[in-house]
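# Close look at the chain arrangement
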Amino acid sequence: MKILYISKYDPTPWQRKIEKILPEADFLLWPDEAPDNLGEIDYVLTWKPEPGVLALFPNLKAIFNMGAGVDALLQDKSLPQNVPIVRLVDPLLTSGMVEYVVHWVLHFHRQFHIYGAMQKKREWKEFPPPFTAKRAIGFLGIGELGYASAQALQNLGFKNIAGWSRNKKQLPGIESFSGLGELETFLNRTEILITLLPLTNETEKIINAKTISLLPTGACIINPGRGGLVNDDDLIAALKGGKIASAALDVFSPEPLDEQSPYWEMENVFVTPHIASLTVAGSAASVTAEMIKKIEAGGEPENTVDLSSGY
Ligand code: NDP
Ligand code: OXD
């Protein structure tokens, strides 16, 4: 079995783990170690490959995306349409995102964004937060990462959590909203909004002047999803005008964030460089190798991408 690695990230931890779990596999690096006959390649592990590269392998059994979001991969117009694409669902990727979300929800819930600004003015005043159980938290996208983050918040005492998704959900203790018809009601009730949607044709710039206007004044936004989910001009205007009190932004369009972007200097914006949850190679390689084992044994790959919905 031949597994080809196509990524600028260090292959060493991937190779070590995959060779341990699949000793019979040849782990090869693109382009230097690719065989003359590219039809011999069974699996590709990749993150942001050059457009066109994945079409070179006629006999792939699966393509493994080395992250959760497949928006970059799906930009490739020549992507094979009949090869399963497996996106990364990995315990350490999930726990990294849970930490990021819990950190910023607590920050905004306890109003540290207000105290931060007060410190600069040497102001001493209390702003008691609403009861934890009542604070209205809303997840735009409540899939693998959103739901795990919501559960962690429930364990901290947050009981007023809602999720917006394409399909209606039955998740214990979480109010489910679905589809564009229920977006307004979801936004109206949400004081702290977390965007954990994939970037697709349907979700692009979903945070815009219209949707922002549906949030309560003083709401906070946490975006670890994708920069393309946000209309930046609209969000910046809302942050300057006070409609949105504060935002924690981990992802941008394009990345790295432009040096001229107003976000860098805004007192009520917290910028991080796309680190909400980094793929941990050893753990992700284990998940990938176990999935290959399953496919080789005749099983179906899990966490595959539906090309028609774009995630
Ligand atoms: P999932 O596919 O598990 O969840 C996506 C959620 O979005 C689902 O609830 C889905 O609804 C919902 N959704 C998708 N399209 C729509 C739509 N048009 N309308 C309403 N709801 C929609 O993804 P993950 O939770 O694993 O990951 C989410 C995103 O997080 C990734 O795509 C990636 O962009 C980002 N990410 C960012 C990282 C970082 O470091 N900043 C790290 C990892 C991921 P339904 O459940 O009904 O299908
Ligand atoms: C991912 C990411 O999608 O790191 O996994 O953004």
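Residues numbered from 1 in each chain as written. Chains lettered and ligands numbered in written order. Predicted model: local features only at pLDDT ≥ 70, side-chain atom pairs only at ≥ 80, totals over all residues. Heavy atoms only, no water.

Around ligand 1 lies a shell of 28 residues, among which R87, E144, N167, K169 and Y311 are the nearest. Between ligand 1 and D250 there is a distance of 2.9 Å, counted from a nitrogen atom to a side-chain nitrogen or oxygen. The contact in question runs from an oxygen atom of ligand 1 to an N or O atom on the backbone of S277, over 3.0 Å. Considering ligand 1 on its own, with 940 Å² of exposed area, one finds that the protein chains cover 93% of that surface. (Near = heavy atom within 4 Å. Polar contact = N/O pair within 3.5 Å; in protein donor to acceptor, adjacent residues only side chain to side chain. Areas by Shrake-Rupley, 256 points an atom, 1.4 Å probe, with all protein chains shown as cover.)

Burial along strand β9 (residues 192-195) is two-sided: I192 and I194 facing one way and L193 and T195 facing the other are all buried. When strand β6 (residues 137-140) meets β9, the two strands line up parallel, connected through four bridges. When the sheet's bridge partners are listed, I137 is paired in β9 with I192. Relative to strand β10 (residues 219-223), β9 is paired through three bridges, and the arrangement is parallel. Bridge pairing in β10 links L193 to I221. (Buried < 20%, exposed > 50% of the residue type's maximum accessible area, 1.4 Å probe, protein only. Helix = DSSP H or I, 4+ residues; strand = E, 2+ residues; numbered from the N terminus. Pairing = 2+ DSSP bridges.)

Glancing now at the domain arrangement of the chain. You can read the domains of the chain as domain 1 (2-90 + 279-296) and domain 2 (91-271). Domain 1 and domain 2 are separated by 33 Å when their C-alpha centres are compared. Contacts between the two partners involve 12 residues from domain 1, matched on the other side by eight residues from domain 2. Summed over both partners, the interface of domain 1 with domain 2 comes to about 800 Å²; 60% of that surface belongs to carbon and sulfur atoms. The interface formed by domain 1 and domain 2 contains one salt bridge. Between D71 and R226 there is a salt bridge whose closest N-O contact spans 2.9 Å. (Domains from an automatic or database assignment. Contact = heavy atoms within 4.5 Å. Buried area = accessible area lost by both parts, 1.4 Å probe. Salt bridge = Lys/Arg side-chain N within 4 Å of Asp/Glu carboxyl O.)

Before going further, it helps to spend a moment on the packing of helix α1 (residues 12-21) against helix α9 (residues 281-296). Remark: α1 packs on α9, axes separated minimally by 8 Å, with the N-to-C direction vectors making an angle of 35 degrees. Relative to α9, the crossing made by α1 is right-handed. Across from P13, W14, K17, I18 and I21 in α1, the residues of α9 making contact are A281, G282, A284, A285, S286, T288, A289, E290 and K293. Among the residues making up the contact of α1 with α9, the classes are represented as eight nonpolar, three polar and three charged. (Axes fitted to C-alpha atoms, helices over the stretch in contact; angles between N-to-C directions. Left-handed = near helix turned anticlockwise from the far one by under 90°. Nonpolar A, V, L, I, M, F, W, Y, C, P; charged D, E, K, R; others polar.)

Moving on, we come to the packing of helix α3 (residues 91-109) against helix α5 (residues 144-155). Contact geometry for α3 and α5: axes closest at 9 Å, N-to-C directions at 55 degrees. Here α3 is positioned oblique relative to α5, judged by the angle of their axes. In this structure, α3 crosses over α5, and the sense of that crossing is right-handed. Between α3, through L93, T94, M97, V98, V101, V102 and V105, and α5, the contact on the second element is made entirely by E144, L145, A148, S149, A152 and L153. For the contact of α3 with α5, the residue count by class is 10 nonpolar, two polar and one charged. (Parallel < 35°, antiparallel > 145°, perpendicular 65-115°, else oblique.)

Turning our eyes to something else, we now look at the site of ligand 2. Surveying the vicinity of ligand 2 reveals the residues W47, G67, A68, G69, R226, H274 and S277. Within the backbone of A68, a nitrogen or oxygen atom sits 2.7 Å from an oxygen atom of ligand 2. Contacts to ligand 2 include H274, whose side-chain N or O atom sits 2.6 Å from an oxygen atom. Starting from 210 Å² of accessible surface for ligand 2 in isolation, the protein chains cover 85%. Among the residues making up the shell around ligand 2, the classes are represented as two nonpolar, four polar and one charged.

Let's shift gears to the sheet that holds strand β11 (residues 244-249). Strand order in the open sheet made by the seven strands is β8-β7-β6-β9-β10-β11-β12, with parallel pairing throughout. The open sheet has two edge strands, β8 (174-178) and β12 (269-271), and neither has a second partner. With strand direction ignored, the average angle separating the axes of adjacent strands in the sheet is 15 degrees.

Let us look at the pairing of strand β3 (residues 43-46). Every regular strand shows the same layout, with side chains that alternate between the two sheet faces. Alternating positions in β3 separate into two faces, Y43 and L45 on one and V44 and T46 on the other, with burial throughout. Alignment of strand β1 (residues 2-6) against β3, held across four bridges, turns out to be parallel. Its bridge partner lying in β3, Y5 is registered against L45. As paired strands, β3 and strand β4 (residues 62-65) are joined by four bridges and run parallel to one another. Within the sheet, the bridge partner assigned to L45 lies in β4 and is F64.

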